[in-house]
Amino acid sequence: MAIAPLERFSFLWWNGVGVGVLEERPEGPTSKDLLSPSERSLLEETVLPQRQREWLRGRLVCKQVIQELLGPECLAPQVEVLPGPQGEPRVHLPEGLGPLDVSLSHARTLSVAAVTARGRVGVDVEPVAPIRQELWRFFLSPDERARCEREPELAPRLWLLKEALYKALRPPQPVPLRTLQPELGEGVLRLRAPFEQEFTFTFLAMGNHLLAVVRS
Ligand SMILES: CC(C)(COP(=O)(O)OP(=O)(O)OC[C@H]1O[C@@H](n2cnc3c(N)ncnc32)[C@H](O)[C@@H]1OP(=O)(O)O)[C@@H](O)C(=O)NCCC(=O)NCCS
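Participant: How would you sum up the overall build of the chain? Please name residues and give values.
Facilitator: Each helix and strand in the chain was counted, giving five helices and 11 strands. Taken over the C-alpha trace, the chain has a radius of gyration of 17 Å; the compact-globule value for 216 residues is 17 Å, and the two agree within 12%. Based on the C-alpha atoms only, the size of the chain along its principal axes is roughly 50 × 40 × 30 Å. Taken across its 216 residues, the chain has 34% of its residues classed as buried. Considering only contacts in the chain between residues 6 or more positions apart, those separated by 24 or more positions represent 58%.

Participant: Can you tell me about the site of the ligand, naming the residues and giving the values?
Facilitator: Taken together, the neighbourhood of the ligand is formed by 18 residues, with Gln86, Gly87, Glu88, Ser105 and Lys167 sitting nearest. Within the residue set of the shell around the ligand, elements represented by two or more residues are helix H2 (49-70), strand S5 (101-107) and helix H5 (154-169). Looking at side-chain class alone, the shell around the ligand contains eight nonpolar, five polar and five charged residues. Per-domain counts for the shell around the ligand show at least three residues from each of domain 1 (9-117) and domain 2 (125-215).

Participant: Kindly report on the domain arrangement of the chain, identifying the contributing residues and their values.
Facilitator: Split by domain assignment, the chain resolves into domain 1 (9-117) and domain 2 (125-215). The straight-line distance from the C-alpha centre of domain 1 to that of domain 2 is 24 Å. On the domain 2 side, the residues contacting the 14 residues of domain 1 number 14 residues. Of all the secondary structure elements, the ones that give two or more residues to the side of domain 1 that touches domain 2 are strand S2 (17-23), S5 and strand S6 (110-116).

Participant: Please give an account of the nonpolar core that cites residues and values.
Facilitator: Counting residues in each nonpolar core, the largest one holds 47 residues, and the members touching the most others are Val102, Val112, Ala114 and Val213. Of all the secondary-structure elements, those providing two or more residues to this core are S2, H2, S5, S6, strand S7 (121-127), H5, strand S10 (197-206) and strand S11 (209-215). It is H5 that provides the largest number of residues to this core, a total of nine residues. Split by domain, this core shows at least three residues from each of two domains, domain 1 (9-117) and domain 2 (125-215). Those residues in contact with valine 112, other than ones at most four positions away along the chain, are Val19, Gly20, Val21, Val61, Leu104, Ser105, Val123, Val125 and Leu211.

Participant: Describe the sheet that holds strand S1 (residues 9-14), with residues and values.
Facilitator: Pairing is antiparallel in the open sheet, where four strands are placed in the order S1-S2-S6-S5. The sheet is open, and its two borders are formed by S1 and S5, each paired with just one other strand. Here the strands of the sheet are splayed against their neighbours by 15° on average, with no regard to which way each runs. Sheet topology note: the S1/S2 ladder contains six bridges and is antiparallel.

Thresholds applied
- Residues numbered from 1 in each chain as written.
- Predicted model: local features only at pLDDT ≥ 70, side-chain atom pairs only at ≥ 80, totals over all residues.
- Helix = DSSP H or I, 4+ residues; strand = E, 2+ residues; numbered from the N terminus.
- Rg over C-alpha atoms; globule rule 2.2 N^0.38 Å.
- Buried ≥ 20, exposed ≤ 12 C-beta atoms within 10 Å, placed from the backbone.
- Contact = placed C-beta atoms within 7 Å.
- Near = placed C-beta within 6 Å.
- Nonpolar A, V, L, I, M, F, W, Y, C, P; charged D, E, K, R; others polar.
- Domains from an automatic or database assignment.
- Core = buried A, V, L, I, M, F, W, Y, C linked by C-beta atoms within 7 Å.
- Pairing = 2+ DSSP bridges.
- Axes fitted to C-alpha atoms, helices over the stretch in contact; angles between N-to-C directions.

Here it is in structure tokens:
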């Protein structure tokens, strides 16, 4: 089954990454037809009822992006997006296709999927809004907090960027975001030891939401 064009679906390319945004009406219909049997059981047996709609929307946008990348013959129920050991989404494709790396993020009625055949990808989406200063210590290092006091508009961007970076980095054990202290260059960020990795990144504005996309 090919995916019919979804309402309010936007797609764009950035640096080898296909990024799809799907916004649904809160009262709109939901369909599980595009799920594989494993995805359907996972949804029904493990996802809390209040998260099911968001979870389903995440799989739909992801499959739509994969069709943009691989073509309409890549049928949705044959593409599976199942969680890895830490909850990270993993794409399972029919033999001979892929591999693809994927990242998902949700904000209210909007879900974003970033998919690439090159390296690892992370995405995060948030409504455009300031972040209260008492929350900064949860995700910013002392140096970053000092910088955000001078440039408060940087705080929500660092939050987005670190969430996307965390998803692309996939540390073997969970780490607090304040311990990820990227050195930011022009579209490039660098993590020092113990990670020692370089990523490219961008911010994308989507209505009243902002997205960060990070790729290794
Ligand atoms: C896992 C985490 C990245 C999810 O982000 P979030 O802002 O809560 O939610 P989002 O809507 O942006 O993203 C949710 C998606 O992230 C993905 N995800 C979950 N765990 C993940 C992981 N370990 N790595 C990459 N992606 C992950 C899933 O696809 C999930 O959607 P799904 O359940 O529908 O498949 C976030 O909770 C997190 O752990 N952040 C940083 C680490 C941290 O704070 N650690 C503290 C403990 S030391």
